[in-house]
Amino acid sequence: EVELSAPRAADLGGLMADLKSIERDLGRVPGLRRGPRRVDLDIVAVGEERVSLTGGEFPIEVPHERMHERDFVLYPMSEICPDW
């Protein structure tokens, strides 16, 4: 679980831009959508908030619209936030 400062939590578009920058720094290069990749950072949840940002460079849907289909998200989430 990661604690965010109030200004950064309020700016999810900026946070996503930061995550994309980290991905590039770690060697991620553009490729096939949903294809294999070196690293993939996403915002899957922000507390109990529901957010949909469709404009901007990086559209965001929180909670992540397919997180319930992904064991690689659900298993760690159940350990970090069992009551979520």
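Residues numbered from 1 in each chain as written. Predicted model: local features only at pLDDT ≥ 70, side-chain atom pairs only at ≥ 80, totals over all residues. Heavy atoms only, no water.

Enquirer: Report on the overall build of the chain, specifying residues and quantitative values.
Expert: A tally of helices and strands in the chain yields three helices and two strands. Secondary structure elements of the chain, listed N to C terminal, follow the sequence α-α-β-β-α. Looking at the chain as a whole, 23% of its 84 residues are labelled buried. Considering only residue pairs separated by 6 or more positions, the chain has 34% of its internal contacts joining residues 24 or more positions apart. Carbon and sulfur atoms provide 54% of the accessible area of the chain, an area that totals close to 6,500 Å². (Helix = DSSP H or I, 4+ residues; strand = E, 2+ residues; numbered from the N terminus. Buried < 20%, exposed > 50% of the residue type's maximum accessible area, 1.4 Å probe, protein only. Contact = heavy atoms within 4.5 Å. Areas by Shrake-Rupley, 256 points an atom, 1.4 Å probe, with all protein chains shown as cover.)

Enquirer: Outline the nonpolar core, supporting the account with residue identities and numerical values.
Expert: Grouped burial of nonpolar side chains is what soluble globular proteins tend to show. Leu-12, Leu-15, Met-16, Leu-19, Ile-43, Val-46, Ile-60 and Val-62 form the largest nonpolar core, which has eight residues in total. Elements that contribute at least two residues to this core include exactly helix H2 (12-25) and strand E2 (60-62). Take this core: its biggest share by element is four residues, from H2. Residues within four places of Leu-12 in sequence aside, it is in contact with Ile-43, Val-46, Val-51, Leu-53, Ile-60 and Val-62. (Core = buried A, V, L, I, M, F, W, Y, C linked by side-chain atoms within 4.5 Å.)

Enquirer: Quick rundown of the pattern of salt bridges? Include the residues and the values.
Expert: According to the stated counting rule, one finds four salt bridges in the structure shown. Salt-bridge contacts for Arg-28 lead to Glu-23; the nearest nitrogen and oxygen are separated by 3.2 Å. Assessed through its relative accessible area of 3%, Glu-23 is described here as buried. Between Arg-66 and Glu-65 there is a salt bridge whose closest N-O contact spans 3.0 Å. The exposure class assigned to Glu-65 is partly exposed, which follows from its relative accessible area of 41%. (Salt bridge = Lys/Arg side-chain N within 4 Å of Asp/Glu carboxyl O.)

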